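So you can see what is in the structure, the chains are spelled out below.
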Amino acid sequence: MSSNKTKYISTEILTCNDLGISRAVQILKNGGTVAFPTETVYGLGADATNSEAIEKVYQAKGRPKNNPLIIHVKDKTMAEHYVEMDSLTSKLSTSFWPGPLTVILKKNPLTSKERITEKALSKLKTVAIRVPAHPVARKILCLFGKPIAAPSANLSGKLSTTRFEDVVMCLSGKVDAIVDGGPCPIGVESTILTIENGQLTILRPGKITEEEIKSIIGKIKYKKEINKNKITSPGQFESHYCPETPIRLNVLHPRKNELVLAFGPLPQGFNGLTLSKISDPNEAAMNLYSALADLDNLAKTTQSNSIAIHPIPLQGIGIAINDRLRRAAKRL
Ligand code: AMP
Ligand code: MG
């Protein structure tokens, strides 16, 4: 059979109790794929040391092979086994792990049986590694005892998922199991940073902000923006997180036939949703992907051909929200 052919597999729906979690771990040990909640977004997990399992993740997501996966570990000690941790990273991890910070680090030499498969790293010599804080993700990692590669649980290029129902919509029939862990509390993907030659660069903004990182690292050469001509991380594609309906950003006066995604109360006379009635940026981040998914569906049943989005202040987690919206607005 051609490897391009879509293969439908039956997807087990698991409850996030002890029974569901031990079944999820059993599936991972057998080389299967399991979507589970993290504090940022849902992840699609597989054994990071098993190249066949990793192949299934790329297949299910339709993810380009040159886009490596974030590796999740249960704690700093497990991270130290797989990657080289310098004193700066160690400091950062003490402050932010478990939590939504991913650090790109050189991999340690390990035996072929033990090492993270090249397939998960797109043949890079580095590993993007993090320790998630979500109790379900932590329990799975502790019971599994090995690193889990877990990119966001969505189809490549489309909206990330922060609700169980959205994961079911996009991945059922493509993955072995989905754990129902309710909505993800943060709602935007982890902050990714890299440190090279004593220079720290944020590759993807997230819940952990530049200010918070600066307050820990003190004086270090610090670069905020990535060089647009040099893609350090293959996943920094400009178009990403795309709903099917075109979106317009920073709109104060929506057009008559548009759906509105508000920050603050929904303006009178318009159809749409609000990210946060009280203009709370953390609430807005938590609702971001689910609101876009709902408006995308609503657009299909109404005469709306675009979604107008209110401006969201460029500070704190608002920087991450604006980053995702900018990519969502960009079409290839
Ligand atoms: P996601 O698919 O949402 O989990 O995003 C993971 C991001 O991390 C993508 O942008 C990847 O390209 C990036 N990434 C993963 N591993 C590495 C690595 N070793 N070096 C640089 N970027 C990485
Ligand atoms: Mg993703």
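Above: the structure in question.
Residue indices begin from 1 for each chain and proceed along its sequence in written order. Here the convention is simple: chains get letters from A, ligands get numbers from 1, in the order in which they are written. Only residues with pLDDT of 70 or above have their local features reported here, since the model is predicted, and side-chain atom pairs are shown and tallied only from 80 upward, although totals for entire chains, interfaces and linings are computed over all residues. Computation of side-chain values: all heavy atoms of the structure, hydrogens and water removed.

(A) Spotlight on the overall build of the chain. Helix numbering and strand numbering both begin at the N terminus, where a helix is a DSSP run of H or I of at least 4 residues and a strand a DSSP run of E of at least 2. Counting its secondary structure elements, the chain contains 9 helices and 15 strands. Atoms considered for the radius of gyration are the C-alpha atoms alone. The globule rule reads 2.2 Å times the number of residues to the power 0.38. The C-alpha atoms of the chain give 20 Å as radius of gyration, which agrees with the globular expectation for 332 residues (20 Å, within 12%). Its C-alpha atoms give the chain principal-axis dimensions of about 65 × 55 × 35 Å. Across the 332 residues in the chain, those meeting the buried criterion constitute 54%. Taking contacts inside the chain between residues at least 6 apart in sequence as the whole, the part at least 24 apart equals 69%. Total accessible area on the chain stands at roughly 15500 Å², and carbon and sulfur atoms take up 53% of it. Exposure classes here rest on a 1.4 Å probe applied to the protein chains alone. A residue is buried below 20% of its type maximum, exposed above 50%, and partly exposed in between. Whether two residues touch is decided by their heavy atoms; if any such pair falls within 4.5 Å, the residues are in contact. To be clear on the numbers: accessible area is Shrake-Rupley with a 1.4 Å probe, and residue cover counts the displayed protein chains and nothing else.

(B) The pairing of strand β6 (residues 126-130), seen in detail. Counting buried residues along β6, 4 of its 5 residues qualify, which places the element largely inside the surrounding structure. DSSP calls a pair of strands paired once it identifies at least 2 bridges connecting them. One ladder, built from 2 bridges, connects strand β4 (residues 71-72) with β6; its direction is parallel. What sits directly across from His72, in β6, is Arg130.

(C) Summary view of the environment of Ala328. Relative to the elements of secondary structure, Ala328 occurs in helix α9 (residues 317-329). A residue is classified by how much of its surface remains accessible, and Ala328, at 1% relative accessible area, is buried. What Ala328 contacts, discounting residues up to four positions off in sequence, is His240, Tyr241, Cys242, Pro243 and Ile247.

(D) Representation of the packing of helix α8 (residues 281-301) against α9 in the model. Axes here refer to lines fitted to C-alpha atoms; in helices the fit is confined to the stretch in contact. Angles between the N-to-C directions go from 0 to 180 degrees. The N-to-C vectors of α8 and α9 enclose an angle of 20°; their axes lie 9 Å apart at closest approach. Relative to α9, the element α8 is oriented roughly parallel. Taken as a pair, α8 and α9 cross one another with a handedness that is left-handed. Contacts between α8 and α9 pair Pro281, Asn282, Ala284, Ala285, Leu288, Tyr289 and Leu292 from the former with Ile317, Ile321, Arg324 and Leu325 from the latter. A per-class count over the contact of α8 with α9 returns 9 nonpolar, 1 polar and 1 charged. Orientation labels follow simple angle bins: below 35 degrees gives roughly parallel, above 145 gives roughly antiparallel, 65 to 115 gives roughly perpendicular, and whatever is left gives oblique. Each helix crossing is assigned a hand: it is left-handed if the near helix lies turned anticlockwise from the far helix by less than a right angle, otherwise right-handed if that turn is clockwise. Residues were grouped as follows: Ala, Val, Leu, Ile, Met, Phe, Trp, Tyr, Cys and Pro as nonpolar; Asp, Glu, Lys and Arg as charged; and all remaining residues, including Gly, as polar.

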